[in-house]
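The residues making up each chain are set out below.
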Amino acid sequence: MNATNVQLQIAEQGQITDRYNAAITNLGSPSIEVRLGGIYALQRLMQDSPRDQPTVIAVLCAFVRDQTALTVATASSHPAPPTDIQATLTVIVSRNTAHDGTTTVVDFDRAQLANSQLYRADLARADLAGANLAGANLTGADLTGADLTGADLAGADLTGADLNGAALHGADLKHANLDLATVEANLVGADLTHATLVGATLADAEAATANLTGAIMTSAHLAGADLYRALKGLPRTPSSRFTASCPGPWP
């Protein structure tokens, strides 16, 4: 009986390996239809073999980075990522994170993902340093502990997103929508020009040198946030209004 079980396990693992190799081959195809087949084959593989999920995620992240490496994407010039890239993003961010293990890292370092659809995406602890997410839909996304250092989030929709513990040092958040978001994060040097943070939680945020010119922070929760220097000297105009849920002294 034991010998039979061992043989079955060996055969099953051989099938997994064959499926993996075939899917990887398809990712390199010049045909988008074949590439999509490879992407969804890898999705099915990590569902059938959870222990292989970290490897599959690493491969799919590399595919996104490589395919977008030469793209100069901006929110205005690219209405959306190519179909295969968006499909890959959806597979990655909708995975069963219980199968991640300790080695899984969603690595989109410097990837060009302008205008991508990442609604309610699970990007906790993801590497998004230097990534272009201009105009991206990140509504309700989990970005806790994510590295967004120097990321381009201009015009991105982060409504209700969780950025607790995220690194946003030097990030571009001009015109971004952070309404109701939790932004207990490192915002040192971040550009929040004309961003909206209505009802956002910035408690204990580090944002002393952030640019808040024209930011709308009505009903924002700022208890413990280091914002004094960022707010000092801002004109009291409708385009730069804020009310805090904690006492001053404000400049």
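What comes next is a walk through the structure.

Cut-offs used in this document
Residues numbered from 1 in each chain as written. Predicted model: local features only at pLDDT ≥ 70, side-chain atom pairs only at ≥ 80, totals over all residues. Heavy atoms only, no water. Helix = DSSP H or I, 4+ residues; strand = E, 2+ residues; numbered from the N terminus. Buried < 20%, exposed > 50% of the residue type's maximum accessible area, 1.4 Å probe, protein only. Salt bridge = Lys/Arg side-chain N within 4 Å of Asp/Glu carboxyl O. Core = buried A, V, L, I, M, F, W, Y, C linked by side-chain atoms within 4.5 Å. Contact = heavy atoms within 4.5 Å. Axes fitted to C-alpha atoms, helices over the stretch in contact; angles between N-to-C directions. Parallel < 35°, antiparallel > 145°, perpendicular 65-115°, else oblique. Left-handed = near helix turned anticlockwise from the far one by under 90°. Nonpolar A, V, L, I, M, F, W, Y, C, P; charged D, E, K, R; others polar.

Attention now moves to unusual backbone geometry. Residue Asn115 is not a glycine yet carries a positive backbone phi of 65°. In this structure, Asn115 sits in the loop between α4 (83–93) and β1 (217–220). Exposure remark for Asn115: the relative accessible area of 14% places this residue in the buried category. A positive phi is found at His175, a non-glycine position, where the angle reads about 60°. The topology assignment puts His175 in the loop between α4 and β1.

Inspection of every chain in the model, using the stated rule, returns eight salt bridges. Where Arg65 meets Asp107, a salt bridge forms, and the shortest distance between an N and an O atom there is 3.7 Å. Taken as a pair, Arg65 in helix α3 (residues 53–68) and Asp107 in the loop between α4 and β1 lie far apart in primary sequence, 42 residues in all. Its salt-bridge partner being Asp191, residue Lys174 comes within 3.8 Å of it at the nearest N-O pair. A residue pair is termed long-range when its members are at least 10 positions apart, and Lys174 in the loop between α4 and β1 and Asp191 in the loop between α4 and β1 qualify at 17 residues. Three or more residues are tied together by salt bridges with common partners; here these are Arg19, Arg44 and Asp48.

One broad trend across soluble globular proteins is that nonpolar side chains are buried collectively. Counting residues in hydrophobic clusters, the biggest one holds 70 residues, and the most contacted among them are Phe108 and Leu123. The element best represented in this core is α3, accounting for seven residues. The residues contacting Leu123, other than those within four sequence positions of it, are Val93, Val106, Phe108, Leu118, Leu128, Leu138, Asp142, Leu143 and Ala146.

On to the environment of Thr103. Structurally, Thr103 is set in the loop between α4 and β1. The class for Thr103 is exposed, based on a relative accessible area of 59%. As a C-alpha pair, Thr103 and Pro54 span 49 residues in sequence and 6.4 Å in three-dimensional space.

Before going further, it helps to examine the packing of helix α2 (residues 32–48) against α3. Where α2 meets α3, the closest approach of the two axes is 9 Å, and the angle between their N-to-C directions is 155°. On the basis of their axis angle, the class for α2 and α3 is roughly antiparallel. Judged by the sense of rotation from one axis to the other, the crossing of α2 with α3 is left-handed. Across the interface between the two elements, Arg35, Ile39, Leu42, Leu45 and Met46 from α2 touch Gln53, Val56, Ile57, Val59, Leu60 and Phe63 from α3. Grouping the constituent residues of the contact of α2 with α3 by class yields nine nonpolar, one polar and one charged.

Honestly, that's just the spatial picture; any functional story needs more than this.
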